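Geometric and topological summary
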Amino acid sequence: MTRLALAATALFALGSGALGALQTCGQSQYDPAQYVCWHSQFLCPITAGEGLSYCNGACYSKFMYTCNSNNILTLLPPVQGPFTLTVSNPSVPAIHDKPVTAQGLKWFLNGVTASYCPGVVPPAECPPGNITSIVSQNGAVSMNVKVPGGQLAYLGPDWQVGYTQAHSAYIPSGSLTTGFGAYEGGGFVNLNGNGGGWVACPPRASGPAGNIWNLYGRNATNAASLSYCTPINLKINPTAGGFGAWQYT
Ligand SMILES: *[C@@H]1O[C@H](CO)[C@@H](O)[C@H](O)[C@H]1NC(C)=O
Ligand SMILES: *[C@@H]1O[C@H](CO)[C@@H](O)[C@H](O)[C@H]1NC(C)=O
């Protein structure tokens, strides 16, 4: 499983970027825009702006794995409690470190969180609603909301992340509600795309106004049509307990 995921990551990483000045790593020459050299002899690819780390023969992403003290590649533990997400890809400064924002029943990048608390709820019982707070357990993911019934998040048929409207269980057919990894000290990983991960796509006229990017899960089928997008990681930032919003809109 581990090897498969890593192999697929490397596969999606191929074929990008012009060749820069080559450097030497052990017996090989490499382009430092595409690889990092470990221990002066092992090459790992750069994917989503992250130079993969090296552990005893394997390249790995710090958003999902760690190399333990016995030099064994180990999955990070599942995150406990609520978290926000920020984009990670230093090669795309327009969105690097910017938040994932819930608005219009979808997740966007670098937008503004849209939330609501009904007037009948005493203001003291309304969470601030100004950050997009998420919880994830056993491969599923939900918005961290107080509204009875909650708001389940899912990968929609278009592989954008959506979430249910408050008081509704409706999920478009063809959506996926599991297959997400949320790792302590790591990232929020889409395990559905066989290593395709997440991509950030530049703003569209049909989307929200402003420099708001779109988030897609990538897979073998849609990779070509998403070639104008950039691979990213989603970094987990644990938040103090408590709900993020009454409901996200
Ligand atoms: C959200 O609102 C709370 C309460 O008004 C405030 O303390 C906090 O700084 C705000 N956070 C952000 C990220 O705007
Ligand atoms: C990949 O995503 C597209 C939506 O962009 C979806 O229609 C397709 O079924 C997905 N392919 C796989 C193999 O899951």
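Residues numbered from 1 in each chain as written. Chains lettered and ligands numbered in written order. Predicted model: local features only at pLDDT ≥ 70, side-chain atom pairs only at ≥ 80, totals over all residues. Heavy atoms only, no water.

**Here's the deal with the sheet that holds strand β5 (residues 50-51)**
Across the sheet, which stays open at both edges, the three strands sit in the order β3-β4-β5 with antiparallel pairing between neighbours. With one partner strand each, in any of the chains shown, β3 (35-38) and β5 form the two edges of the open sheet. In this structure, strand β4 (residues 42-47) lies alongside β5, joined through two bridges in antiparallel fashion. Counterpart to Ile46 in the pairing with β5 is Gly51. (Pairing = 2+ DSSP bridges. Helix = DSSP H or I, 4+ residues; strand = E, 2+ residues; numbered from the N terminus.)

**Points about the packing of aromatic side chains**
For the coordinates displayed, the defined rule picks out five aromatic pairs. Where Phe42 meets Tyr54, the ring centres are 4.2 Å apart and the plane angle is 10°; that geometry is what we call stacked. Residue Phe42 is located in strand β4, and its partner Tyr54 is located in strand β6 (residues 53-55); the two are separated by 12 residues in the primary sequence. Taking relative accessible area as the criterion, Tyr54 reaches 17% and is therefore assigned buried. Ring plane angle 15° and centroid distance 5.5 Å describe the contact between Phe180 and Phe188, whose orientation is recorded as stacked. (Phe/Tyr/Trp six-rings, centres within 6.5 Å; stacked < 30°, edge-to-face > 60°. Buried < 20%, exposed > 50% of the residue type's maximum accessible area, 1.4 Å probe, protein only.)

**Some thoughts on the domain arrangement of the chain**
Here the domain parsing of the chain yields domain 1 (8-75) and domain 2 (83-248). In this structure, domain 1 and domain 2 have C-alpha centres spaced 28 Å apart. Across the boundary between the two partners, domain 1 contributes 12 residues, which contact 22 residues of domain 2. Taken over both partners, the interface formed by domain 1 and domain 2 buries close to 1100 Å², and the fraction arising from carbon and sulfur atoms is 65%. Counting the contacts that link domain 1 with domain 2 gives zero salt bridges. In this assembly, domain 1 and domain 2 are joined by one residue pair in polar contact (both at pLDDT 80 or more). A per-element tally of the side of domain 1 that touches domain 2 places helix α1 (residues 2-13) first, with three residues. Grouping the constituent residues of the side of domain 1 that touches domain 2 by class yields six nonpolar, four polar and two charged. (Domains from an automatic or database assignment. Contact = heavy atoms within 4.5 Å. Buried area = accessible area lost by both parts, 1.4 Å probe. Salt bridge = Lys/Arg side-chain N within 4 Å of Asp/Glu carboxyl O. Polar contact = N/O pair within 3.5 Å; in protein donor to acceptor, adjacent residues only side chain to side chain. Nonpolar A, V, L, I, M, F, W, Y, C, P; charged D, E, K, R; others polar.)

**Things to note about the site of ligand 2**
The environment of ligand 2 is formed by Pro157, Asp158, Trp159, Asn219, Thr221 and Asn222. In the environment of ligand 2, an oxygen atom lies 2.4 Å from a nitrogen or oxygen atom belonging to the side chain of Asn219. Side-chain polar atom of Asn222 to an oxygen atom of ligand 2: 3.0 Å apart, as the coordinates give it. Here the residues of the shell around ligand 2 sort into two nonpolar, three polar and one charged. (Near = heavy atom within 4 Å.)

**Points about unusual backbone geometry**
Phi is positive for Asp97, which is not a glycine, with a value near 75°. Summarising the element assignment, Asp97 is placed in the loop between β10 (83-88) and β11 (100-103). Judged by its relative accessible area of 51%, Asp97 falls in the exposed class. Positive phi, close to 50°, is recorded for Asn138, a residue that is not glycine. Summarising the element assignment, Asn138 is placed in the loop between β14 (134-137) and β15 (140-143). Overall, Asn138 belongs to the exposed group, its relative accessible area being 78%.

**Comments concerning the pairing of strand β12 (residues 106-109)**
As judged from the four bridges shared by β11 and β12, these two strands associate in the antiparallel manner. Residue Ala102 lies in a different strand from β12, and its bridge partner there is Trp107. Remark: two residues form the turn of the hairpin made by β11 and β12, two consecutive strands paired antiparallel; Gly104 in that turn has positive phi of roughly 60°. Bridge count for β12 against strand β21 (residues 213-217) is two bridges, and the pairing is antiparallel. Bridging from a neighbouring strand, Leu109 pairs with Trp213 of β21.

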